[in-house]
Amino acid sequence: MVMSKIILWIKRTGITLVISAAIAVFSQGLMMVPFASASLPSGSLNINELVGNGTSATATDGASSTGAVLEYPTSAVVNNSGNIYVADSQAGELDFVPDKTGTYYGQSMTAGDIYVIAGGSSAQPASGLLATSIKASSLNSVAVDGSGNVYIADADDDIIGFIPNTNGTYFGQTMKADYFYIIAGQVTVVGNPNPGTLATNTDLNGPSVVNLGSNGVYIVSNSEEVNFIPFTNGSYYGQSMTANYIYKLAGTAGAAGNPTSGTLATSTDLNGPDGVAVDSNGDIVIGDHYANEVNFIPATTGTYYGQSMTANSLYVIAGDGTGGLSGNGSSSTSAELNGPVGVSLGSSGIFYIADSNNHEVRVVAPPPTFTSAASGTLTYGSAG
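Keep in mind the model is a prediction, meaning the values are calculated, not measured.

Undergrad: Explain the sheet that holds strand 15 (residues 159–163) here, please?
TA: Backbone hydrogen bonds hold the strands of a sheet together, and the pairing may be parallel or antiparallel. Taken together, the five strands give an open sheet; going across it, the order is 12-18-15-14-13, and neighbouring strands pair in antiparallel fashion. Across the chains shown, the open sheet's two edge strands, defined by having one partner strand only, are strand 12 (129–130) and strand 13 (139–144). Relative to strand 15, strand 14 (residues 150–154) runs antiparallel, the two being bridged by five bridges. Residue pairing for strand 15: Tyr151 is matched across the bridge by Phe162.

Have a look at this one:
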């Protein structure tokens, strides 16, 4: 069933998570952990519509967010200011709901209403076009940095797009605010990325996920790889890299297979990677859909999730490779997953999994080091 709305779970602590699935929890240690927070005061969970009214259609500028229509939302993020970005794949547009009335992306906007800030028009994507003038064929994923710059994964056009919030030079290009620019891939040219090539000169194969870390842009596509574009020259993940070029971090191009835990990430296979998250240290978590596993690549050598790990190698941290639903309350690597897709990182090594074929969101946490039944507060050890 297609849900043409975005659902918001709200904890009384004010912690929020944008999802459209049921919730289940399990821990890596001996105890089930509460949903959404390592600090859990008593209180109920409530669910509300945030954007969309359940009707499948293309959004209209200026409509109330809860009265607006969405066609097929596939990705949503909320920035630190409370502004909401929604990638509507079938509508081919990026929608925006401001938290406060003001001017955003060159448009005067009213708080709580919905506006198109990219796509929804007719022009084939090309660098230097006003973002609202293009037609994005399949806008699958959105990411936003702290400056309000927007990154989108357009799967059918085989590109990663970028919309700067202010004029400036980004990815080696002089750019205008609110215009659209290609930073990886070539429009409708399908192929596997060529590591060590300028990202705008290489092919992509249906990029489905784009995410950001402090050092660069992370991309997941149908090439069975996780790719990376560094912001600046330097050494990342054991490789010497040039800014704005593309590199492979995990997987083997065009070779689908279950990964081998403990192997150099660039030398092992992936089997339908469909989600990537990165923490402030550069550690990577991958949702490997057909392997029924969640994988981890540490940026530095150490102990993570109870395992001794070598930097830049790949390790399974959730799922036993069998598609199913089991293991709640037990070790995460002994549990079954069934088609994990999106992954998200919380604090203290906690991570969340969109377990698609189980119709659940599940959470893995290091074992607690303190429990207070009276206050309901749990404190977790670190992942490292």
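On we go from here.
Undergrad: It is not clear to me how the environment of Val217 should be interpreted in this structure. Could you clarify?
TA: Relative to the helices and strands, Val217 resides in strand 21 (residues 216–220). For Val217, a relative accessible area of 0% translates into the label buried. A C-alpha to C-alpha distance of 7.7 Å links Val217 and Phe231, two positions 14 residues apart in sequence. If we ignore the near neighbours within four places in the chain, the residues touching Val217 are Tyr151, Phe171, Val210, Asn211, Leu212, Asn227, Phe228, Ile229 and Phe231.

Undergrad: What's the story with the packing of aromatic side chains in this structure? I'm lost.
TA: How two aromatic rings sit relative to each other is given by the distance of their centres and the angle of their planes. Taken as a whole and assessed by the stated rule, the structure comprises 16 aromatic pairs. With 6.0 Å between their ring centres and 55 degrees between their planes, Phe171 and Phe231 make a pair best called tilted. With Phe171 in the loop between strand 16 (168–170) and strand 17 (173–175) and Phe231 in the loop between strand 22 (225–230) and strand 23 (234–236), the pair connects residues that are 60 residues apart, well separated along the chain. When the ring of Phe228 is compared with that of Tyr237, the centres are 5.7 Å apart and the planes differ by 80 degrees; the resulting orientation is edge-to-face.

The rules behind the values
- Residues numbered from 1 in each chain as written.
- Predicted model: local features only at pLDDT ≥ 70, side-chain atom pairs only at ≥ 80, totals over all residues.
- Heavy atoms only, no water.
- Pairing = 2+ DSSP bridges.
- Helix = DSSP H or I, 4+ residues; strand = E, 2+ residues; numbered from the N terminus.
- Buried < 20%, exposed > 50% of the residue type's maximum accessible area, 1.4 Å probe, protein only.
- Contact = heavy atoms within 4.5 Å.
- Phe/Tyr/Trp six-rings, centres within 6.5 Å; stacked < 30°, edge-to-face > 60°.

Note that every value here comes from positions in space, so none of it alone points to a role or purpose.
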